[in-house]
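A look at the structure
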Amino acid sequence: EAQVTQNPRYLITVTGKKLTVTCSQNMNHEYMSWYRQDPGLGLRQIYYSMNVEVTDKGDVPEGYKVSRKEKRNFPLILESPSPNQTSLYFCASTGGGAGYNEQFFGPGTRLTVL
Amino acid sequence: AQSVAQPEDQVNVAEGNPLTVKCTYSVSGNPYLFWYVQYPNRGLQFLLKYITGDNLVKGSYGFEAEFNKSQTSFHLKKPSALVSDSALYFCAVRDRPSGTASKLTFGTGTRLQVTL
C-alpha cells in the first residue's frame, strides 16, 4: 500500500529536550515536505526537499532542522523544543517535480512541549 | 507572493442540500489549484485539482470545483451533502510559472458540518 508514515503519532516532551519525528514514504517520491497545522492558521510549510541531499526552508523554519540522506526518509529534528512548537505536524510527499502533482500526507504527529 | 483565502471558518448545511465551500487565490501567473479534506485524527487527503482545460473539475466522493479566472476563485461544491462529508476542507494554490513542487500554499481551512 502506497503511504507516508510518521512516528511517533503523539509526543509530550519538555522544553529543551531534543527530539526527532520520522517520516518515510514508499512511493519513490522525489519531493518531501513538512508542515505544521495550527488553529486558524491552516498548514504552514516548515522545510521541503526536492531530492536526496537537497533541502530548503519553507515559511516557518525557525527552530527546526531536516535531513534527506535517503530518498524515502525525511526526519524533522527539533534541537531545543519550545512551547510555541506545540502543534500538529504533517509530512507529505509528491512524485516528480511537476507543480501539478498532488501531495500525499502522513497521518500527523501531535506534539506537546511543556 | 501567492496566497489563498477561505472566508468561512465553518459552513453548516442539511443533509441532501447542496454545499459550497469558498476559496479565492492570488498568484502572479496562472495557478494550479487543489482541494484537500481532513477527517478527524487523519492526515489530509487529496480531493481534486485544476491544472488546465475545463473550468469544472470533478473529484472524489462526488465533489466538484469550478475555476473562475476573472474572480480568482475555486469554490468546492457538491449537489447533495452527506453527514459523512463533515470534515475540515483546505484549498491550496501553487503558482504555475515556478513549475516545481516546492511551494504549495494552503488556506486556513473551512469546517463543513452536515446535519440530519
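Here we summarise the structure given alongside this text. Not measured: the values here are computed from a predicted model. (Residues numbered from 1 in each chain as written. Chains lettered and ligands numbered in written order. Predicted model: local features only at pLDDT ≥ 70, side-chain atom pairs only at ≥ 80, totals over all residues. Heavy atoms only, no water.)

**Thoughts on the overall build of chain A**
Scanning chain A from N- to C-terminus turns up 0 helices and 11 strands. Referenced to the eigenvectors of the C-alpha coordinate spread, the extents of chain A come out at roughly 40 × 30 × 25 Å. Residues counted as buried form 51% of the 114 residues belonging to chain A. Within chain A, residue pairs in contact and separated by at least 24 positions form 53% of the contacts whose partners lie at least 6 positions apart. In chain A, 12 side chains carry a positive charge and 10 a negative one; their mean positions are 7 Å apart. (Helix = DSSP H or I, 4+ residues; strand = E, 2+ residues; numbered from the N terminus. Buried < 20%, exposed > 50% of the residue type's maximum accessible area, 1.4 Å probe, protein only. Contact = heavy atoms within 4.5 Å. Lys, Arg positive; Asp, Glu negative; His and termini not counted. Charge placed at Lys NZ, Arg CZ, Asp CG, Glu CD.)

**What about the sheet that holds strand E7 (residues 65-66) of chain A?**
Spatially, the 4 strands line up as an open sheet ordered E1-E3-E8-E7 (chain A), and their pairing is antiparallel. With one partner strand each, in any of the chains shown, strand E1 (4-7) and E7 of chain A form the two edges of the open sheet. (Pairing = 2+ DSSP bridges.)

**A look at the interface of chain B and chain A**
Think of interface size as the accessible area that goes away when the parts come together; that is how it is often given. Across the contact, 23 residues belong to chain B and 26 residues belong to chain A. Both sides together, the interface formed by chain B and chain A hides about 1,800 Å², and carbon and sulfur atoms give 53% of it. Here chain B and chain A share 1 salt bridge between them. Here B:Lys49 ties to A:Glu102 by a salt bridge, and the two come within 2.9 Å at their closest N and O atoms. At the level of secondary structure, the elements contributing two or more residues to the side of chain B that touches chain A comprise strand E5 (31-38), strand E6 (44-50) and strand E10 (87-95) of chain B. Counting residues per element, the side of chain B that touches chain A draws most heavily on E5(B), which supplies 4 residues. Tallied by class, the residues present in the side of chain B that touches chain A amount to 11 nonpolar, 8 polar and 4 charged. (Buried area = accessible area lost by both parts, 1.4 Å probe. Salt bridge = Lys/Arg side-chain N within 4 Å of Asp/Glu carboxyl O. Nonpolar A, V, L, I, M, F, W, Y, C, P; charged D, E, K, R; others polar.)

**Let's talk about the nonpolar core**
By size, the foremost hydrophobic cluster in this structure holds 28 residues, and its most contacted members are B:Trp35, B:Leu47, B:Leu48, B:Phe74, B:Leu76 and B:Tyr89. The set of elements that each furnish at least two residues to this core consists of strand E2 (10-14), strand E3 (19-21), E5, E6, strand E8 (64-68), strand E9 (73-78), E10 and strand E12 (110-115) of chain B. It is E10(B) that contributes the most residues to this core, 4 residues altogether. A:Met27, A:Trp34, A:Tyr89 and A:Cys91 belong to the second-largest nonpolar core, a separate cluster that totals 19 residues. (Core = buried A, V, L, I, M, F, W, Y, C linked by side-chain atoms within 4.5 Å.)

**Topic: the pattern of salt bridges**
Overall, the coordinates contain 9 salt bridges over all chains when judged by the stated rule. A salt bridge links B:Lys58 to B:Glu64; its shortest N-O distance comes to 2.9 Å. By relative accessible area, which is 63% here, B:Lys58 ends up exposed. A single salt-bridge network, built from bridges that share partners, covers A:Lys18, A:Lys65 and A:Glu79.

**Observations concerning the layout of surface pockets**
Over the atoms, a rolling probe the size of a water molecule traces out where space has been left empty. Approximately 570 Å³ is the volume attributed to the largest pocket. For the largest pocket, the lining is made up of 30 residues, of which A:Gln37, A:Leu88, B:Gln38, B:Leu88 and B:Arg111 are closest to its centre. For the lining of the largest pocket, the secondary-structure elements that each account for two or more residues are strand E4 (31-38) and strand E9 (87-94) of chain A together with E10 and E12 of chain B. With 4 residues, E12(B) is the single largest residue contributor to the lining of the largest pocket. Around the second largest pocket, the lining is made up of 17 residues, and of these A:Ala2, A:Gln3, A:Phe105, B:Leu44 and B:Gln45 lie nearest the centre. The set of elements that each furnish at least two residues to the lining of the second largest pocket consists of E1 and strand E10 (104-105) of chain A together with E6 of chain B. Class assignment for the residues of the lining of the second largest pocket results in 8 nonpolar, 6 polar and 3 charged. (1 Å grid on protein atoms, 1.4 Å probe; cavity = no way out; pocket = protein on both sides within 12 Å on 5 of 7 lines; lining within 4 Å. Points joined across faces, edges and corners; volume = space filled by probe spheres on them.)

**Re unusual backbone geometry**
Residue A:Asn7 is joined to A:Pro8 through a cis peptide bond whose omega torsion reads -5 degrees. When you line up the elements, A:Pro8 lands in the loop between E1 and strand E2 (10-13). Notably, A:Asn28 is not glycine yet its phi reads approximately 60 degrees, a positive angle. Turning to its location among the elements, A:Asn28 is positioned in the loop between strand E3 (19-25) and E4. Residues other than glycine seldom take positive phi values, yet B:Tyr61 does so here, at roughly 60 degrees. Inspection of the secondary structure puts B:Tyr61 in the loop between strand E7 (56-58) and E8.

**Examining the state of the cysteines**
Inspection of every chain in the model, using the stated rule, returns 2 disulfides over all chains. Two residues, A:Cys23 and A:Cys91, share a disulfide whose sulfurs are 1.8 Å apart. For the disulfide bridge between A:Cys23 and A:Cys91, the dihedral angle about the S-S bond is near -70 degrees, and by the sign convention the bridge is left-handed. Of this pair, A:Cys23 sits in strand E3 while A:Cys91 is found in strand E9, placing the two residues 68 residues apart along the sequence. A relative accessible area of 0% places A:Cys91 in the buried class. A sulfur-sulfur distance of 2.0 Å marks the disulfide that ties B:Cys23 to B:Cys91. With the S-S dihedral at roughly -65 degrees, the linkage between B:Cys23 and B:Cys91 falls on the left-handed side. Here B:Cys23, found in the loop between E3 and strand E4 (24-26), pairs with B:Cys91, found in strand E10; they are 68 residues apart in sequence, far enough to count as distant. Residue B:Cys23 is classed as buried on the basis of its relative accessible area of 0%. Residue classification places B:Cys91 among the buried residues on the basis of a relative accessible area of 0%. (Disulfide = S-S within 2.5 Å.)

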